[in-house]
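A look at the structure
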Amino acid sequence: MSVTEQVLGGPVDRIEGGDKVQGQAKYAFEYEVENVAYASLVVSPAAKGTIRAIDTTNALAAPGVLAVLTHESAPELAEKDGELGVLQSPRIAYRGQIVGAAIAESLEGAREAARLVRIEIDEEEHDVVLRSDHPGLYKPDQINPSNVTDTEDGDVEAALRSAAVTIDATYSTPPEHNNPMEPHATIAVWDGEGLTLYDSDQGPYSYRGIVAKRLGLEPQQVRVIATHVGGGFGSKGLPRPHVIVAALAAKHVGRPVKLAVTRQQMFTLTGYRTPTIQRLQLGAEPDGRLVAIAHDVVEQTSTLQEFAEQTALATRMMYASPSRRTTHRLVRLDVPTPSWMRAPGECPGMYALESALDELAIELGLDPVELRVRNEPEIDPATGNRFSTRNLVGCLREGAERFGWADRDPTPGTRRDGRWLVGTGVASSTYPARRPPSTARARREGDGTYTIELAAVDIGTGARTVLTQIAADALEVPLDRVRVRIGDSAFGQASVAGGSMGTSSWGAAVVKACRMLRAGGDEVTADTSEEAEAAGQEPLSKHSFGAQFVEVRVDADTGEIRVPRMLGVFACGRILNAKTGRSQFIGGMTMGVSMALLEETIVDPQLGAFVNHDLAMYHVPVHADIQEIEALWLDEDDPHVNPMGAKGIGEIGIVGAAAAVANAVHHATGVRVRDLPIRPDKLVGRLAG
Amino acid sequence: MRPFGYEAATDTTSALAAIARPEAKFLGGGTNLVDLLRLGVETPATLVDVTRLPLDGIDPTPGGGLRIGAGVRNSVLAADPEVRARYPALAQALLSGASGQIRNWATTAGNLLQRTRCAYFQDVTKPCNKRDPGSGCPAREGDHRNLAILGHSQQCVATHPSDMAVALAAFDAVVHVVGPAGARQIPLADLHRLPADEPWLDTVLDSGDLVVAVELPALAMASRSAYRKVRGRASFEFALVSVAAALEVDRGTVRDARLALGGVAHKPWRAFRAEEALRGAPASAESFARAADAELEHAEPLRDNGYKVALARNTIVATLTELGG
């Protein structure tokens, strides 16, 4: 076996794993900074209104308090709009919005001072409830990241009228919160006109630019360091308001300031997935071939800025159909602005599409795997382009074989094991393979080792390890000869760790830098802008695909649901690390179970507030919930995505998983729950005793 | 910072002296109280640590029962061979609660006296009559999916969260208390109150009272008992509904029964009406269902928790069927 074969694809342990388990890996809040002060946030108790008065007298009198920032005292920002326009106006856009910050010698002192701030608000009537008949629904100019809002191909209504079989069902998903283990935290350190942020985020380089712009600085005046990050799941993909507060607070008191968002505050200040209401209409011929797909989405944004989740995007490319409509409508509510969370768009959208497909399969009396295979498109229906690689059918077939699908009796609600009702479900999965540009530096050290530097960030995914593997492979040297330094905006332009594109983007830059270094010189800097642009202009559609198979057991008395068995089969190009890759897949699948059965942030319409705001009340699965979970991948050679042939695996694991669970619950019970999560209260009393 | 005093009592006398101070509170394992301190829900001036009191024994009583010291840790009680053999529902209830780490620390008295996990109670930015008398109960119109269906009031719809207390209530346990006026005993089923117009009072204890023990009477049928806890995830979640039951069946007829429900009221709900309906009835699913209905016809579900009536009914029937159907 050559060095190269060992290095890339192998189950290499995390390079920083030892540091992490020994507590040596330093997270943002843990940096030791001299003369540091602590900030604690004051947040709005009302959902809408204007601050009439804000009394900081008691807070300022508390021991060790240095200052209290409010909209009256905070330094002016260069840009005052949106979520990041903190402390610039007395207007309140949602309950929990930042209206002040107390800065003190200690964390405890800051928290107590924040509690002592008295706010008087002229409250206005708020509206926090999403509904499909909301009079404020409007059509956004585009949906994320930059897609057309609506599409219409063929005559959908006519096709639905003449179809042999139709499905018309509405699915809903609740607000959901990302909840990384490490809360969002920042230390802001000013040095003259320069600002350094030790920050927990998914994009040190992109943060640099956004923060600089807000503060009226040049990008090079800001440095963002994120050496280790304890998860993000999208919520650290864009700077959150506390980052700006930390910078303002540090400026105001003339000292470094540490600011950690509390778990409770994370439910209002760090983003969440919009609730969705999705109407799916499908029309099909008796043989299962689709003749119409309509996916109409209603979701929310805030009054501060627009966030248009691309919920029906995957429906545009997933299956063949001569007619197709997708629409997105938003309403501006008095709520925090939604943001990216775990496969934004694809995740909630595929829950609805793949549930509807299951309903159609039952209506047709056709196996749900076979139904999907029969609707496999020759080319991408969204663009008319060929797919660079598309192995959905391979994933479905391989998964069906390994899961034992062939013996499945399709009749719902007929399999029992004592008090348990048993069922299985399947759903497809997909995620785009994107590749934005990055830069990377490679250096030949005097001792025969190599140093690679780039502003990538490892949010717990194994990115640092995979980039080391990529570099060792490209340099054709053993792993221990390569040192990869990441998590610092000073290393140059680099993609965020999001959109399942980090490894694709960073890895391409690392490969290019290593190749340049091998061609000559002791230090080189690679920039993949040209390659990324060329790749973007190729007339090819680039996506990952997968198939999710789930077995559930539902207690006939109580409606309790457990997941004894789950299998995901994925085709995502080349898998660069078998160990961290598997972790990514089964982590995503577990989050899919979580979405299907547990996760919901509850809205109190009268208080205009989220009710549950900690992990005691916002539930995710425990080990006992999921017994056997496995992820496999098909060998896939896709030279079009990047030099490694890797499509990105950060998010595909969650896509379709919730639908597979929901479909399995229906198969077990005969009850179709179309609003997530599927909890005992939605099943009890509806199950055959 | 909100400073508070801390004092470690070494015997009952010093504990009672310390608790007489203004706004003093007893500290057991702290698995709930310390959380509430952090949240600002509890703001005592002094904490009186009672974990060093010699109250950690599980001893046989002359009457053939067990006397459980107030300081016995939940994990120790769950593992006790006598408890496991003679009161299995109690061991099951304990093991279904919290996590291993929390059970290692939580005490018997602390478990009984833990506060509701109603989301509004635990959030000082929101109204709550239990935490802030007179401020209102947003749960009635807001989120009450997991709150009470029995015995609630306009003022409060909270539930008591303990699993252990449900099993103890079923077994006619008695709480031993010492206070300024001396020692007294309170049947466990009477320890917790219904909220009525004073929802801030969880129990009938006075502020100077110290729970020193819980006594389990001899109860032969308890050796054939079970605790069934229903919840959304498999572990580390409070009950949607729970059932503690013991059944004595003779030739197909129920001679006697003990039944208590958790997750349905402001207190562990001893189902006396259901027990009455069971006595002398055939040990069949039909009579178990009739007994459940006898109890649950008094339920007053709120807008979003009507499912608990069906859930409690099904769980009662399933548990009794498992025991003796």
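Before reading further, recall that the structure is shown in the block above.
Predicted, not measured: the structure shown is a model, and the values here were computed from it.

Comments concerning the overall build of chain B
A tally of regular secondary structure across chain B gives 12 helices and 12 strands. For a compact globule of 325 residues, the expected C-alpha radius of gyration is about 20 Å, and chain B comes in at 19 Å, within 12% of that figure. Expressed as a percentage of its 325 residues, the buried residues of chain B come to 58%. Within chain B, contacts between residues at least 6 apart in sequence are counted, and of these 63% link residues at least 24 apart. A total of about 12,700 Å² of accessible surface is found on chain B, and carbon and sulfur atoms cover 51% of it. Separation of charge centres in chain B, based on 35 positive and 36 negative side chains, amounts to 4 Å.

Notes on the environment of B:Val214
All names here are of chain B. With respect to the helices and strands, Val-214 occurs in strand β8 (residues 210-216). The sequence separation of Val-214 and Ser-75 amounts to 139 residues, and the corresponding C-alpha distance is 16 Å. Those residues in contact with Val-214, other than ones at most four positions away along the chain, are Leu-66, Arg-67, Ile-68, Thr-108, Leu-112, Leu-168, Ala-173, Val-174 and Leu-188.

Brief notes about the sheet that holds strand β2 (residues 49-55) of chain A
Residues and elements named next belong to chain A. Reading across the sheet, the three strands line up as β4-β2-β6 and stay open at both edges, with antiparallel pairing between neighbours. Edge positions in the open sheet fall to β4 (91-92) and β6 (118-123), since each of these has one partner strand only. One ladder, built from six bridges, connects β2 with β6; its direction is antiparallel. By the bridge assignment, Ala-53 is partnered in β6 with Glu-120.

Side note on the pattern of salt bridges
One pass over the full model with this rule turns up 80 salt bridges over all chains. When the shortest N-O distance is used, the salt bridge between A:Arg52 and A:Asp122 registers 2.3 Å. Taken together, the positions of A:Arg52 in strand β2 and A:Asp122 in strand β6 put the pair 70 residues apart, joining distant regions of the chain. Classification of A:Arg52 as partly exposed rests on a relative accessible area of 47%. As a salt-bridge pair, B:Asp123 and B:Lys126 come within 2.9 Å of each other at their nearest N and O atoms.

Looking at the interface of chain B and chain A
Taken residue by residue, the interface counts 33 residues in chain B and 33 residues in chain A. Regarding the contact of chain B and chain A, the summed buried area is about 2,700 Å², with carbon and sulfur atoms giving 59% of it. Remark: the boundary between chain B and chain A carries four salt bridges. A salt bridge links B:Arg228 to A:Glu560, with the shortest nitrogen-to-oxygen separation between them at 2.9 Å. Remark: the boundary between chain B and chain A carries 13 residue pairs in polar contact (both at pLDDT 80 or more). Mapped by element, the contributors of at least two residues to the side of chain B that touches chain A are β9 (225-230) and α12 (307-324) of chain B. Counting residues per element, the side of chain B that touches chain A draws most heavily on α12(B), which supplies six residues. Per-class residue counts for the side of chain B that touches chain A are 14 nonpolar, seven polar and 12 charged.

Looking at the packing of helix α6 (residues 204-215) of chain A against helix α7 (residues 241-253) of chain A
Residue and element names in this part refer to chain A. Running from N to C, α6 and α7 cross one another at 55 degrees; their axes reach a closest spacing of 11 Å. It follows that α6 is oblique to α7 by the angle criterion. Two packed elements cross with a definite hand, and for α6 against α7 that hand is right-handed. In this structure, α6 uses Tyr-207, Val-211, Arg-214 and Leu-215 to contact α7, whose residues at the interface are Val-243, Ile-244, Ala-247 and Leu-248. Grouping the amino acids of the contact of α6 with α7 by side-chain chemistry returns seven nonpolar, no polar and one charged.

Regarding the sheet that holds strand β20 (residues 450-453) of chain A
Residues and elements named next belong to chain A. An order of β21-β20-β19-β22 is seen for the four strands of this open sheet, with the pairing classed as mixed. Of all the strands in the sheet, the pair left with one neighbour each is β21 (482-485) and β22 (523-527). Strand-to-strand twist across the sheet, computed as the mean angle between neighbouring axes with direction ignored, equals 15 degrees. The sheet contact formed by strand β19 (residues 439-444) and β20 spans four bridges and is antiparallel. What sits directly across from Arg-441, in β20, is Glu-453.

Topic: the packing of helix α12 (residues 463-475) of chain A against helix α13 (residues 502-519) of chain A
Geometrically, a packed helix pair is captured by the angle between its two axes and the distance between the axes. Residue and element names in this part refer to chain A. At a minimum axis separation of 9 Å, α12 and α13 run at an interaxial angle of 30 degrees. Between α12 and α13, the interaxial angle falls into the category roughly parallel. Our pair here, α12 against α13, has a crossing hand that is right-handed. Across the interface between the two elements, Ala-463, Val-466, Leu-467, Ile-470, Ala-471, Ala-474 and Leu-475 of α12 pack against Thr-503, Trp-506, Gly-507, Val-510, Val-511, Cys-514, Leu-517 and Arg-518 of α13. Each residue belonging to the contact of α12 with α13 can be placed in one class, and the counts come to 12 nonpolar, two polar and one charged.

Comments concerning helix α4 (residues 107-116) of chain A
Burial in α4(A) covers these residues: A:Gly109, A:Ala110, A:Glu112, A:Ala113, A:Ala114 and A:Leu116. Buried residues along α4(A) sit against β1 (37-43), β2, α3 (57-61), β3 (65-70), β5 (98-104) and β6 of chain A.

A few points about the packing of aromatic side chains
Given two aromatic rings, their pairing is described by the distance between the two centres and the angle made by the two planes. Residue and element names in this part refer to chain A. For the structure shown, the criterion picks out 12 aromatic pairs over all chains. Arranged with centres 5.9 Å apart and planes meeting at 80 degrees, the rings of Phe-387 and Phe-545 form a pair that is edge-to-face. Of the two residues, Phe-387 is situated in strand β16 (residues 386-387) and Phe-545 in strand β24 (residues 543-555); the sequence distance between them amounts to 158 residues. Side by side, Phe-387 and Phe-545 carry an identical accessibility label, which is buried. Geometrically, the ring pair formed by Phe-585 and Trp-633 is tilted, given 5.7 Å between the ring centres and 35 degrees between the ring planes. Residue Phe-585 is found in helix α15 (residues 578-597), and its partner Trp-633 is found in strand β28 (residues 626-633); the two are separated by 48 residues along the sequence.

What counts, and where the lines are drawn
- Residues numbered from 1 in each chain as written.
- Chains lettered and ligands numbered in written order.
- Predicted model: local features only at pLDDT ≥ 70, side-chain atom pairs only at ≥ 80, totals over all residues.
- Heavy atoms only, no water.
- Helix = DSSP H or I, 4+ residues; strand = E, 2+ residues; numbered from the N terminus.
- Rg over C-alpha atoms; globule rule 2.2 N^0.38 Å.
- Buried < 20%, exposed > 50% of the residue type's maximum accessible area, 1.4 Å probe, protein only.
- Contact = heavy atoms within 4.5 Å.
- Areas by Shrake-Rupley, 256 points an atom, 1.4 Å probe, with all protein chains shown as cover.
- Lys, Arg positive; Asp, Glu negative; His and termini not counted.
- Charge placed at Lys NZ, Arg CZ, Asp CG, Glu CD.
- Pairing = 2+ DSSP bridges.
- Salt bridge = Lys/Arg side-chain N within 4 Å of Asp/Glu carboxyl O.
- Buried area = accessible area lost by both parts, 1.4 Å probe.
- Polar contact = N/O pair within 3.5 Å; in protein donor to acceptor, adjacent residues only side chain to side chain.
- Nonpolar A, V, L, I, M, F, W, Y, C, P; charged D, E, K, R; others polar.
- Axes fitted to C-alpha atoms, helices over the stretch in contact; angles between N-to-C directions.
- Parallel < 35°, antiparallel > 145°, perpendicular 65-115°, else oblique.
- Left-handed = near helix turned anticlockwise from the far one by under 90°.
- Phe/Tyr/Trp six-rings, centres within 6.5 Å; stacked < 30°, edge-to-face > 60°.

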